[in-house]
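Spelled out, the chains give:
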Amino acid sequence: MKSLIVKVMNLPKNVSDALDKDRRRRQTYKALSALSNAELHDIGINRGDIIRIADGGAVYTGRTNL
């Protein structure tokens, strides 16, 4: 019961954090999408990387560390 109360009390902060994260993701996506292919190439990414980067991921380099 106590954990339910804690979850309910934290709900506004969790919602606020989720909204902030979504806002930052949309801003990043919009900013990168506005760049030309040449500008994206200059910073080492391609158009296909934009969604992954906006979601907080890394640029795909074609190699994985196993």
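What counts and what doesn't
- Residues numbered from 1 in each chain as written.
- Predicted model: local features only at pLDDT ≥ 70, side-chain atom pairs only at ≥ 80, totals over all residues.
- Heavy atoms only, no water.
- Helix = DSSP H or I, 4+ residues; strand = E, 2+ residues; numbered from the N terminus.
- Rg over C-alpha atoms; globule rule 2.2 N^0.38 Å.
- Buried < 20%, exposed > 50% of the residue type's maximum accessible area, 1.4 Å probe, protein only.
- Contact = heavy atoms within 4.5 Å.
- Areas by Shrake-Rupley, 256 points an atom, 1.4 Å probe, with all protein chains shown as cover.
- Patch = residues over 30% accessible without salt bridge, like charges linked within 9 Å, V, L, I, M, F, W, Y side chains within 5 Å.
- Salt bridge = Lys/Arg side-chain N within 4 Å of Asp/Glu carboxyl O.
- Polar contact = N/O pair within 3.5 Å; in protein donor to acceptor, adjacent residues only side chain to side chain.
- Expected span 1.5 Å × (residues − 1).
- Bend = angle between axes of the 7 residues up to and from the residue.

Undergrad: With reference to specific residues and values, describe the overall build of the chain.
TA: If you tally the helices and strands in the chain, you get three helices and zero strands. Computed over its C-alpha atoms, the radius of gyration of the chain comes to 18 Å, more than 25% above the 11 Å expected for a compact globule of 66 residues. Considering only C-alpha atoms, the chain reaches an extent of 55 × 35 × 15 Å along its principal axes. With 66 residues in all, the chain has 9% of them scored as buried. For the chain, the share of sequence-separated contacts (at least 6 apart) that also reach a separation of at least 24 residues comes to 17%. Accessible area of the chain: about 5,700 Å², with a carbon and sulfur share of 59%.

Undergrad: Break down a nonpolar patch on the surface for me, citing the residues and quoting the values.
TA: Nonpolar side chains collect at one region of the surface, where Leu11, Val15 and Leu19 lie side by side and expose about 280 Å² of accessible area between them. The class of valine 15 is partly exposed, set by a relative accessible area of 40%.

Undergrad: Residue-level account of the side chain of aspartate 49, with values.
TA: Secondary-structure assignment places aspartate 49 in the loop between α2 (37–42) and α3 (50–54). The exposure class of aspartate 49 is buried, given its relative accessible area of 5%. Reaching out from aspartate 49, the side chain makes a polar contact with the side chain of arginine 52 at a distance of 3.0 Å.

Undergrad: Which residues make up helix α1 (residues 2–33), and what are the values?
TA: Between its first and last C-alpha, α1 extends 45 Å over 32 residues, near the 46 Å set by a 1.5 Å rise per residue. Its maximal kink placed at leucine 11, α1 deviates by approximately 45°, while the proline proline 12 follows within four residues.

Undergrad: Give me the pattern of salt bridges: which residues, what numbers.
TA: Applying the stated criterion across every chain, the model contains six salt bridges. Across the pair lysine 13 and aspartate 17 runs a salt bridge whose closest N-O atoms are separated by 2.8 Å. One end of the pair, lysine 13, and the other, aspartate 17, are both in helix α1, four residues apart, so they sit about a helical turn from each other. Residue aspartate 55 is joined to arginine 25 by a salt bridge in which the shortest nitrogen-to-oxygen separation is 3.9 Å. Of this pair, aspartate 55 sits in the segment after α3 while arginine 25 sits in helix α1; the two residues are 30 residues apart in sequence, bridging distant segments of the chain. Here the residues in one salt-bridge network are Asp22, Arg25, Arg26 and Asp55, joined through shared partners.

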